[in-house]
Amino acid sequence: MTLLWIEFGLCAAAILFSGSKLSRYGDIIAVKTGLGGAWIGVVLLAGVTSLPELIVGISSVTIAKTPDIALGDIMGSLVFNLFIIVIMDGLSPKAPLLSRAGGSHMLSAGFGILLIGLASVSILLGKNMPAAFGTGLYTPLIIVIYLAGMRAIYNHEKKNSSGKQTEVQEDIHMSKGMRDALAGGLAHSIVIIAAGSILPFLGDSIARETGLGSSFIGTYFIGITTSLPEIVVCLAALKMGAVDMAVANIFGSNMFDIFILAVDDLFYREGPLFLDVSSTHSLTGMTAIIMTAAAIAGLYAKREKKPASWLGWESLIMIAAYAFNTFLLYRLAIAGG
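Values in this document were obtained by computation on a predicted structure and should not be read as measured data.

*Asks:* Go over the overall build of the protein chain, please, and point to the residues and values.
*Replies:* From N to C terminus, the protein chain includes 13 helices and two strands. For the protein chain, long-range pairs separated by at least 24 residues make up 86% of all intrachain contacts whose partners lie at least 6 apart in sequence. As presented, the protein chain carries roughly 14000 Å² of accessible surface, and 67% of it is formed by carbon and sulfur atoms.

Structure, rendered in structure tokens:
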């Protein structure tokens, strides 16, 4: 058992290190190709930092045959990504973090709620969800909504862009060139692919050894592990004063994570993915919706001071939701649910 945890820790360390490096190279590529700052956060950074979830998902459904690990990883990443907002809020002086962010993030957060809601309802419907060609109806719907969301966000950012580079972009612009960024990005992508391919097997073994089940292990151990690049990138952006990029990365990552479920379903050849997973994943999905709704309220209610000593009220709601979801899933896991 000890060896399993050591191997898990090594995989987590590899994902943390290479994920943070890959995110940095992604920034450089974005600037060199002329992409805007907010677009970097919502699309490029979100896609790059979600690479571990993508690799774990595909590996889980094709090689390890552990669909619960794949879904638990995504659902766990959703709620932990949102919990990163709480962490950043605690590090944000005086004013609540979301009060310092632009209101345009409500668009990506809203699309996130739509996608998470669709996935959660589809999990609950199970056999009652229409399917064709071995995939559920939710898969094409997720793809269409995700692409529509990306287009809407792009048009909004293009319309409201000031054309100025952020501090993050200026810092990156003076660093490595495109060739170095591509080579470094490729190298660290290979590391993430290797570590991500091993994680489902380790997660399944830990689930059997601990008796907690694949759903709980996928949600709280693998989900957090694959979200490590997000926390590194967000804290780095916050340190540089790029609050909007950090917040955009969170909501963009959650949108992309649900898109990954559609990809997983296409790779899963045993039938519709949601037929072979625990319905308890819908609880985590609903928790992610509650946490996102609290974040939207925080974005809307601009305040100069925090009502609590070091956290905004939206962060307190998100902490309560995250803790309650953890308690429920643990009780279900212990009960064999």
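Let's pick the thread back up.
*Asks:* I'd like a description of the packing of helix 5 (residues 105–125) against helix 11 (residues 243–267), backed by residues and values.
*Replies:* It is at 9 Å that the axes of helix 5 and helix 11 come closest, and there the two elements cross at 25°. One way to sum up the angle between helix 5 and helix 11 is to call them roughly parallel. Crossing hand, helix 5 versus helix 11: left-handed. Two secondary-structure elements touch here, helix 5 through His-105, Ser-108, Ala-109, Phe-111, Gly-112, Leu-115, Ile-116 and Ala-119 and helix 11 through Asp-244, Val-247, Ala-248, Phe-251, Met-255, Ile-258 and Leu-261. Its residues assigned to classes, the contact of helix 5 with helix 11 shows 11 nonpolar, three polar and one charged.

*Asks:* I'd like a rundown of the side chain of Thr-280, residues and numbers included.
*Replies:* When you line up the elements, Thr-280 lands in the loop between helix 11 and helix 12 (281–300). You can call Thr-280 buried: its relative accessible area is 12%. For Thr-280, the side chain forms a polar contact with the side chain of Ser-278, separated by 2.7 Å.

*Asks:* Which residues make up the side chain of Asn-325, and what are the values?
*Replies:* Mapped onto the secondary structure, Asn-325 falls in helix 13 (residues 313–334). Apart from the residues within four sequence positions on either side, Asn-325 is in contact with Tyr-220, Leu-283, Thr-284 and Thr-287.

*Asks:* Now, about the environment of Leu-275: what can you tell me, with residues and values included?
*Replies:* Counting through the fold element by element, Leu-275 comes out in the loop between helix 11 and helix 12. Considered as a pair, Leu-275 and Gly-136 are 139 residues apart in the sequence and their alpha carbons are 8.9 Å apart. Apart from the residues within four sequence positions on either side, Leu-275 is in contact with Gly-126 and Lys-127.

The rules behind these values
Residues numbered from 1 in each chain as written. Predicted model: local features only at pLDDT ≥ 70, side-chain atom pairs only at ≥ 80, totals over all residues. Heavy atoms only, no water. Helix = DSSP H or I, 4+ residues; strand = E, 2+ residues; numbered from the N terminus. Contact = heavy atoms within 4.5 Å. Areas by Shrake-Rupley, 256 points an atom, 1.4 Å probe, with all protein chains shown as cover. Axes fitted to C-alpha atoms, helices over the stretch in contact; angles between N-to-C directions. Parallel < 35°, antiparallel > 145°, perpendicular 65-115°, else oblique. Left-handed = near helix turned anticlockwise from the far one by under 90°. Nonpolar A, V, L, I, M, F, W, Y, C, P; charged D, E, K, R; others polar. Buried < 20%, exposed > 50% of the residue type's maximum accessible area, 1.4 Å probe, protein only. Polar contact = N/O pair within 3.5 Å; in protein donor to acceptor, adjacent residues only side chain to side chain.

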